[in-house]
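Architecture and fold: a report
So you can see what is in the structure, the chains are spelled out below.
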Amino acid sequence: MITGTSMGAIIGAMYAQNPDAAAVIDRFRSYLKNADYEVLGLENIVPSDEDPLPMLQRFARTIAKRIHMSSMGSRPSLLKPDILNNAIRYLLDDRSIEDTAIPFGAVATDLNSGESLLVRKGSIRRAVRWSALIPAFLPPEKHEGRLIADGAVTTPVPVDFTRAMGADVVVAVSVDPTVMASLEDQSIISIMQRCDLIRGIAMSRMQLEKADAVIHPDVADSHWSRFLEFERFVSAGVTEASSLAPRIRLILEKRARWLPRAFGMLRRGGN
């Protein structure tokens, strides 16, 4: 089974529908070459290593460049929701979550109650959209009294939800930064972003400690919006997963030997 949060929900849902890693990569690559990606304007969000401007000025410039897409005075986000909707339509087949080849759940957050939501029924496109509504960049969505946004607000790595779905062994995947550069730019925006990053990493670690194994590829301090570098991230994931494969197999073998004994004990106890 698979549970995913935010981008993890998108990739997890793609694989749950079609358990073929090469096909998932090809479809994502095709999307990035599609004209729809050109209108995202992520080049205005991705931080440049060669950009000499302080973070505050870069943020102001980003706002100025995005103003034609979203009126900051009347809209709750920098980007239009159609951007995410178009991406999900391209990447996912229009089916129900219940119809996936592998059981799947998407994690979102209710901004009204602060609760984490595990969505396992209905349209898979809607569930994934809810999970990936990044605050400030994409507007939250109202549904039955809830105000739904990105699952990473409360559950960056959904280990507990995977257990709740019935998993005996959980292999968690974390794409948190593997390093953090010194905070040279100490502007208000920069400090707030760093604090938010640290909070997210701390929340992830609390969940990762509950997993049986953790795949944490070396992504350095890459920004979340560097989609065009996905080939490098895939390669890093393959390297990390390959190094952990023997350990994961051992965990599965031990669990496979333990479960029959446990069931036998339960049967004897019942008799």
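We now turn to the structure provided with this report. All figures in this text were calculated on a predicted structure; none of them were measured in a lab.

**Side note on the overall build of the protein chain**
Counting secondary structure elements, the protein chain contains 9 helices and 7 strands. Taking all 271 residues of the protein chain together, 41% fall into the buried category. Partitioning the intrachain contacts of the protein chain with sequence separation of at least 6 by distance along the chain shows that 71% fall at a separation of at least 24. Of the roughly 15300 Å² of accessible surface on the protein chain, a fraction of 56% belongs to carbon and sulfur atoms.

**A look at the pattern of salt bridges**
Going through the model one piece at a time under the given rule, you end up with 11 salt bridges. Between Glu115 and Arg146 there is a salt bridge, and its shortest N-O distance comes to 3.2 Å. In this pair, Glu115 is assigned in the loop between β2 (104–110) and β3 (116–119) and Arg146 in strand β5 (residues 146–150), connecting sequence segments 31 residues apart. Look at Arg146 and you get partly exposed, because its relative accessible area is 30%. For Arg129, the salt bridge identified is with Glu141, shortest N-O distance 2.9 Å. Of this pair, Arg129 sits in helix α6 (residues 124–131) while Glu141 sits in strand β4 (residues 141–143); the two residues are 12 residues apart in sequence, bridging distant segments of the chain. Exposure remark for Arg129: the relative accessible area of 18% places this residue in the buried category.

**Remarks on the nonpolar core**
In this structure, Phe104 and Val128 are the most contacted members of the largest nonpolar core, which totals 35 residues. Put simply, the parts of the chain that give this core at least two residues each are α1 (7–17), α2 (21–33), α5 (81–91), β2, β3 and α6. Counting residues in each nonpolar core, the second largest holds 7 residues, with Val157, Val170, Ala172 and Leu208 among its members.

**Examining the packing of aromatic side chains**
Enumeration over the complete set of coordinates arrives at 2 aromatic pairs. A ring pair is formed by Phe28 and Phe230, whose centres lie 5.2 Å apart and whose planes are at 65°; its orientation type is edge-to-face. Of this pair, Phe28 sits in helix α2 while Phe230 is found in helix α9 (residues 230–270), placing the two residues 202 residues apart along the sequence. Accessibility expressed as a relative area gives 6% for Phe28, which makes it buried. Their ring planes at 55° and their centres at 5.6 Å tell us that Tyr31 and Tyr90 sit as a pair that is tilted. Placement of Tyr31 in helix α2 and of Tyr90 in helix α5 is noted, with a sequence separation of 59 residues between them. When its relative accessible area of 5% is taken as the criterion, Tyr31 is described as buried.

**Observations regarding α1**
The periodicity of an α-helix, 3.6 residues per turn, causes residues three or four places apart in sequence to face the same way. For α1, the complete set of buried residues consists of Ala9, Ile10, Gly12, Ala13, Met14, Ala16 and Gln17. Against β1 (2–5), α2, α5, β2 and α6 lie the buried residues of α1.

**Let's talk about the packing of α2 against α5**
Closest axis-to-axis distance for the α2/α5 pair is 10 Å, and the angle between their directions is 140°. Taken together, the axes of α2 and α5 are oblique relative to one another. When the axes of α2 and α5 are compared, the crossing they make is right-handed. Along its contact with α2, which presents Arg27, Phe28, Ser30 and Tyr31, the element α5 presents Ala87, Tyr90 and Leu91.

**Let's talk about unusual backbone geometry**
With a phi close to 60°, Ser6 is a non-glycine residue in the positive phi region. Checked against the element boundaries, Ser6 lands in the loop between β1 and α1. According to the relative accessible area criterion, Ser6 is buried, its value standing at 13%. Phi at Glu144 is positive, roughly 50°, even though this residue is not glycine. Residue Glu144 is classed as exposed on the basis of its relative accessible area of 73%.

**With respect to the packing of α5 against α6**
Taken N-terminus to C-terminus, the directions of α5 and α6 make an angle of 135°; their axes are 10 Å apart at the nearest point. It follows from the interaxial angle that α5 and α6 lie oblique. Relative to α6, the crossing made by α5 is right-handed. Side by side, α5 and α6 meet where Leu84, Asn85, Ile88 and Arg89 of the first sit next to Arg125, Val128 and Arg129 of the second. Classifying every residue of the contact of α5 with α6 gives 3 nonpolar, 1 polar and 3 charged.

How each quantity is defined
- Residues numbered from 1 in each chain as written.
- Predicted model: local features only at pLDDT ≥ 70, side-chain atom pairs only at ≥ 80, totals over all residues.
- Heavy atoms only, no water.
- Helix = DSSP H or I, 4+ residues; strand = E, 2+ residues; numbered from the N terminus.
- Buried < 20%, exposed > 50% of the residue type's maximum accessible area, 1.4 Å probe, protein only.
- Contact = heavy atoms within 4.5 Å.
- Areas by Shrake-Rupley, 256 points an atom, 1.4 Å probe, with all protein chains shown as cover.
- Salt bridge = Lys/Arg side-chain N within 4 Å of Asp/Glu carboxyl O.
- Core = buried A, V, L, I, M, F, W, Y, C linked by side-chain atoms within 4.5 Å.
- Phe/Tyr/Trp six-rings, centres within 6.5 Å; stacked < 30°, edge-to-face > 60°.
- Axes fitted to C-alpha atoms, helices over the stretch in contact; angles between N-to-C directions.
- Parallel < 35°, antiparallel > 145°, perpendicular 65-115°, else oblique.
- Left-handed = near helix turned anticlockwise from the far one by under 90°.
- Nonpolar A, V, L, I, M, F, W, Y, C, P; charged D, E, K, R; others polar.

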